[in-house]
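So you can see what is in the structure, the chains are spelled out below.
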Amino acid sequence: MSARSASNRRSSASVHPYPSPSLVSIVLGAQWGDEGKGKLVDLLASEADIVCRCQGGNNAGHSVLVDGVEYDFHMLPSGFHLQNCVNIIGNGCVVNLPELVEEIKKNESRGVTNWSTRLFISDRAHLVFDFHKQSDGFLERGRGKSSLGTTKKGIGPTYSSKATRNGIRMSDLVGDFSIFTEKIQSLYNYYQLTFPDLDVDIEKIIAQFKELAEYFRPMTIDTIAYLNQAILDGSKKILVEGANATMLDIDFEDIASVVTSLYVRYLYQL
């Protein structure tokens, strides 16, 4: 490079608007799950300022043993038990709020404190309802011998609601509750048409979620803006915690099946 061109080069600091962003570590599964992500996440979380769940629901999870105390995490991020760690349930997650409350209480009984100021839920995260869970069971039963082996937690149907744009977000719950009531009634009617055997007391669910709205309102924020600001801060260590593994991805699972079949045949030939 000539001296002239070198002198005309701008420094990276002047080219990039944010030259020193915070470090972000991302942990995702490379296979079908159950690869030990929890152990790795636990190690990284101990040094993180922010731990963020980016996908999935409470259909999986892991336990963390600290000083003889075992903490269980299914929906909660892995830094929930760490006093100086902010925990975020991101916009890519689907959240069963009643079960999340139970998970919080269970870990609270084991010594977790100050969690309400360290836990945030994305206002864009979608909500899991009982009719999602029931329909999950109906779908599995209908597949017969070809069942997927889901946990029947309603995760798949909730993501289906998200994709068809009739799902309900945290922002709907903590917003105008009359609009939330209309939306959940409409969503329930939709599922009832699809699954006539649904047995759900929708009025009871509405009353339950009215209380949950007040419980989670202080924790519901725009997590995208929050994380962007944390990245720009430059001094934060951020850990993004994935749930589903690569081979369970809905775009690549068919490819994974073919690769697996070929690999098994190869092993038998050894």
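Residues numbered from 1 in each chain as written. Predicted model: local features only at pLDDT ≥ 70, side-chain atom pairs only at ≥ 80, totals over all residues. Heavy atoms only, no water.

Quick word on the environment of Gly-137
Mapped onto the fold, Gly-137 is located in helix α5 (residues 130–143). A relative accessible area of 17% means that Gly-137 is categorised as buried. Distance from Gly-137 to Lys-153, taken between C-alpha atoms, is 8.5 Å for residues 16 residues apart in sequence. (Helix = DSSP H or I, 4+ residues; strand = E, 2+ residues; numbered from the N terminus. Buried < 20%, exposed > 50% of the residue type's maximum accessible area, 1.4 Å probe, protein only.)

Examining the pattern of salt bridges
Between side chains of opposite charge, a pair can form as their charged atoms come close. Counted under the stated rule, the structure contains 8 salt bridges. Across the pair Glu-99 and Lys-153 runs a salt bridge whose closest N-O atoms are separated by 3.5 Å. Of this pair, Glu-99 sits in helix α4 (residues 97–108) while Lys-153 sits in the loop between α5 and α6 (155–163), and the two are 54 residues apart along the sequence. Given the relative accessible area of 21%, Glu-99 is considered partly exposed. For the salt bridge of Arg-124 with Asp-123, the shortest nitrogen-to-oxygen distance reads 3.5 Å. Take Arg-124: its relative accessible area is 32%, and that puts it in the partly exposed class. (Salt bridge = Lys/Arg side-chain N within 4 Å of Asp/Glu carboxyl O.)

A look at the packing of aromatic side chains
If you walk through the whole model with that rule in mind, you get 15 aromatic pairs. A ring pair is formed by Tyr-191 and Phe-195, whose centres lie 6.4 Å apart and whose planes are at 15°; its orientation type is stacked. Here the two residues Tyr-191 and Phe-195 agree in accessibility, since each one is buried. (Phe/Tyr/Trp six-rings, centres within 6.5 Å; stacked < 30°, edge-to-face > 60°.)

Some thoughts on the environment of Asp-197
Along the polypeptide, Asp-197 turns up in the loop between α8 (177–194) and α9 (202–216). It is 8.8 Å that separates the C-alpha atoms of Asp-197 and Phe-138, two residues lying 59 residues apart in sequence.

Focus on the UniProt feature "binding site: IMP" (unreviewed entry) in the protein chain
The UniProt entry lists Asp-34, Glu-35, Gly-36, Lys-37, Asn-59, Ala-60, Gly-61, His-62, Thr-151, Arg-165, Asn-244 and Thr-260 under the feature "binding site: IMP" (unreviewed entry), expressed in the numbering used here. Mapping Asn-59 onto the fold places it in the loop between β2 (50–53) and β3 (62–66). Judged by its relative accessible area of 26%, Asn-59 falls in the partly exposed class. Relative to the helices and strands, Ala-60 is located in the loop between β2 and β3. (UniProt positions renumbered as here; feature names shortened; annotations may be inferred.)

Here's the deal with the nonpolar core
Of all hydrophobic cores here, the largest spans 42 residues; its most connected members are Leu-97, Leu-100, Phe-129, Phe-131 and Phe-216. For this core, the elements supplying multiple residues, two or more each, are β4 (69–73), α4, β7 (119–122), α5, α7 (170–174), α8 and α9. Residue-level mapping places this core at the junction of two domains, with at least three residues from each of domain 1 (24–124 + 220–248) and domain 2 (127–216). In this structure, Leu-97 is in contact with Leu-127, Met-170, Leu-173, Phe-209, Leu-212 and Phe-216, ignoring residues within four places of it in sequence. The next biggest cluster of nonpolar side chains, apart from the first, holds 8 residues, and it includes Ile-50, Val-86, Ile-88 and Ala-230. (Core = buried A, V, L, I, M, F, W, Y, C linked by side-chain atoms within 4.5 Å. Domains from an automatic or database assignment. Contact = heavy atoms within 4.5 Å.)

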